[in-house]
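This is what each chain is made of:
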Amino acid sequence: MSAHASPLAPDWLALPADLNALHEPMWAAGVGRNSDGELAVDGIPVSKLKEQFGTPLFIMSESDFRARARSFKDAFDEAFADICGGVDVYYAGKSFLCSAVARWVAEEGLRLDTCSGGELAVAARAGIDGAELSLHGNNKSDAEINRALDMKLGRIVVDSLDELERVAKIASERGETAKVMLRLTPGVHAHTHEFIATAHEDQKFGLSMAGDSTDQAGLSAAEEAVAAATSYASIELLGLHCHIGSQIFEPDGFALAAVKLLGFLAEMQAKYSIRLPELDLGGGYGIAYTPVDTPRPPADIAQAMAAVVRSQCAELGIAAPRISIEPGRAIVGPSTFTLYEVGTRKTVRVDAPAAGDAATPETGGENVTHPRRYVSVDGGMSDNARPVLYDADYSAILASRASAAAPQLSRVVGKHCESGDIVVRDVYLPEDVAAGDLLAVPGTGAYCWALSSNYNYLARPGVVAVRDGSPRLIVRGETEEDLLNRDMGA
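Residues numbered from 1 in each chain as written. Predicted model: local features only at pLDDT ≥ 70, side-chain atom pairs only at ≥ 80, totals over all residues. Heavy atoms only, no water.

A. Highlighting the nonpolar core. Membership of the largest hydrophobic core comes to 111 residues, with the highest contact counts inside it found for F76, F80, Y91, F96, L182 and I474. Those residues in contact with F76, other than ones at most four positions away along the chain, are V87, Y285, P298, I301, A302, M305 and I325. L57, A288, L339 and V466 belong to the second-largest nonpolar core, a separate cluster that totals 20 residues. (Core = buried A, V, L, I, M, F, W, Y, C linked by side-chain atoms within 4.5 Å. Buried < 20%, exposed > 50% of the residue type's maximum accessible area, 1.4 Å probe, protein only. Contact = heavy atoms within 4.5 Å.)

And the structure:
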């Protein structure tokens, strides 16, 4: 073990050879250190962005976002060209959405998936054609269903038998036909956090394929929904949908889900003499939050999924349905990092086995104390709730300058009145990190701003997009006036 490595560090956290280096998979193209050693985006130093827009601040590379969106569209179109003529790629708006991003998505040839009336409102403000939109959600309100029909959405993804009946009733009362996909739970377990695995049975989403149903004939809830949908004059059943989870690196789960859904699709088409022309295999493709994460390129994912769909359709003797997918995190996550300013620091001593000794006092080893540095920044769980919600790991670098100081095992924490307010649990930072320095946390484009809050009455940060060396606000940061506007007084 290196003299600077800490026994307090988790097994996966290696001592970096160069604290000033960037692990490229975690960062957007165009992000790097300039000749002064400062982190820059398209040549703009982070100190200039801090001076202009303040901190905390989400900094997004527009060109990187667009390139990642195109890479999914191009890779999947190529892989599925001979199977179903290409793929419909829906950007998962829940990961991060504003009107600018909605327009980028449309301009790059993608469609947009929404899961609330508010997200539909953003899409409408951006001028997105309703035919290019999808609406998810396990408990859509009547108002949301009506809005979807008003906007002539390309599809409503129905999550339960109750909801199918509600959509059919509202569409019938309007004298219209709703285009519907049925979300199924194929029972595939994705190797991810329990709260973001979504295809197993014991959770709120989807229609079970496992046989639990109210139907006395013993049909599964999924088949009961197919039978019901075909009986409603106000429903056009487009096909089936599934989503097995999030932050998934291996293709096995996607392949198994495709096999199960294609088999079910073939069975339903034969039994009910219908054609289900579409199949959505969801999203959940993983990204690099730390140096040990190994995301797959879109082309690898596409080819692996295409091979399964091609062979399975041939085996079943069915025409391939039009495939769609829903990447969100894999597009926006690496395109963005969060910039913070360092405030207070403190160093604590923590007991751990002596270097090179995995034993404990109970087994004859000797515990010694080791230092851990706490580095506080001007944001925290209000702008990144994922570490609190999912035990998510992140990394961080000193962004405002390069440093030749020794590495110090550090914990980056926020300013909220919670001991669990941790931004980065374990990271090596230079020992000389001090108040006024800037830290950058990569991979924060997905589910950070989207989950942000006003806890402790902190204002939510702004989002700056940089393109060709020019920054602009695409989401304004909140002010104290914003925080007080809804306070109606005594």
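Okay, back to it.
B. Geometry of helix 5 (residues 142–150). Within helix 5, burial applies to E144, I145, A148 and L149. Looking down the long axis of helix 5, one finds its buried residues gathered within 140° of arc, a one-sided arrangement. Helix 5 presents A143 and D150 as exposed residues on the side facing more than 90 degrees away from its buried surface. Those residues of helix 5 that are buried are in contact with helix 4 (117–125), strand 7 (133–135), strand 8 (155–158), helix 6 (161–174) and strand 9 (178–185). (Helix = DSSP H or I, 4+ residues; strand = E, 2+ residues; numbered from the N terminus. Arc of directions from axis to C-beta.)

C. Spatial organisation of the packing of helix 2 (residues 62–84) against helix 3 (residues 99–107). Following both chains from N to C, one finds helix 2 and helix 3 inclined at 40°, their axes separated by 10 Å at the closest point. Taken together, helix 2 and helix 3 sit at an angle that is classed as oblique. In this structure, helix 2 crosses over helix 3, and the sense of that crossing is right-handed. Contact with helix 2, carried on its side by E62, F65 and R66, involves V101, W104, V105 and E107 of helix 3 and no other residues of that element. When the residues that make up the contact of helix 2 with helix 3 are grouped by side-chain class, the tally is four nonpolar, no polar and three charged. (Axes fitted to C-alpha atoms, helices over the stretch in contact; angles between N-to-C directions. Parallel < 35°, antiparallel > 145°, perpendicular 65-115°, else oblique. Left-handed = near helix turned anticlockwise from the far one by under 90°. Nonpolar A, V, L, I, M, F, W, Y, C, P; charged D, E, K, R; others polar.)

D. Spatial organisation of the pattern of salt bridges. Tallying each qualifying case throughout the model produces 29 salt bridges. A salt bridge links E108 to R66, with the nearest nitrogen and oxygen atoms 2.8 Å apart. Here E108 is found in the loop between helix 3 and strand 6 (111–114), whereas its partner R66 is found in helix 2, with 42 residues between them in sequence. In this structure, R322 engages D88 in a salt bridge whose closest nitrogen and oxygen atoms are separated by 3.0 Å. In this pair, R322 is assigned in strand 13 (residues 322–325) and D88 in strand 5 (residues 87–92), connecting sequence segments 234 residues apart. Each of the salt bridges in this network shares a partner with another, and the network as a whole consists of E62, R66, R70, E107, E108, R467 and R472. (Salt bridge = Lys/Arg side-chain N within 4 Å of Asp/Glu carboxyl O.)

E. Main features of unusual backbone geometry. Geometrically, the link from T55 to P56 is a cis peptide bond, its omega value of -5° lying close to zero. When you line up the elements, P56 lands in the loop between helix 1 (46–53) and strand 4 (57–61). Even without glycine at this site, Y457 takes up a positive phi of about 60°. Locating Y457 in the fold gives a position in the loop between strand 19 (438–442) and strand 20 (462–467). Residue classification places Y457 among the exposed positions, given a relative accessible area of 53%.

F. A look at empty space enclosed by the protein. All chains considered together, the criterion is met by two cavities of 30 Å³ or more. Size it by volume and the largest cavity reaches roughly 60 Å³. Around the largest cavity, the lining residues are I248, F249, E250, P251, F254, Y285, G286, P295, R296 and I301. What the second largest cavity holds in volume is close to 30 Å³. Forming the boundary of the second largest cavity are F58, M60, F96, T336, T444, G445, W449 and V463. Considered class by class, the residues forming the lining of the second largest cavity number five nonpolar, three polar and no charged. (1 Å grid on protein atoms, 1.4 Å probe; cavity = no way out; pocket = protein on both sides within 12 Å on 5 of 7 lines; lining within 4 Å. Points joined across faces, edges and corners; volume = space filled by probe spheres on them.)

G. Here's a closer look at helix 8 (residues 252–272). With 21 residues, helix 8 should cover 30 Å at 1.5 Å per step; its first-to-last C-alpha distance of 30 Å lies within 8% of that length. Those residues of helix 8 that are buried are in contact with strand 9, helix 7 (221–231), strand 11 (235–241), strand 12 (278–280) and helix 9 (298–316). In the stretch just after helix 8, S273 is the one whose phi turns positive, near 50°. (Expected span 1.5 Å × (residues − 1).)

H. Region of the structure containing the side chain of S208. Relative to the elements of secondary structure, S208 occurs in strand 10 (residues 207–208). In this structure the side chain of S208 is engaged in a polar contact, spanning 2.9 Å, whose partner is the backbone nitrogen of A210. (Polar contact = N/O pair within 3.5 Å; in protein donor to acceptor, adjacent residues only side chain to side chain.)

I. Molecular detail of the pairing of strand 6. For strand 5 and strand 6, the ladder comprises three bridges, and the chain directions are parallel. Among the inter-strand pairings, Y91 is bridged to a residue of strand 6, identified as L112. Handedness of the crossover is the feature at issue here: the chain leaves strand 5, passes through helix 3, returns alongside strand 6, and the resulting connection is right-handed. Taken together, the three bridges between strand 6 and strand 7 define a ladder with parallel strand orientation. Its bridge partner being in strand 7, T114 is matched across the sheet by L135. (Pairing = 2+ DSSP bridges. Right-handed = clockwise from strand over helix to strand, strands pointing away.)

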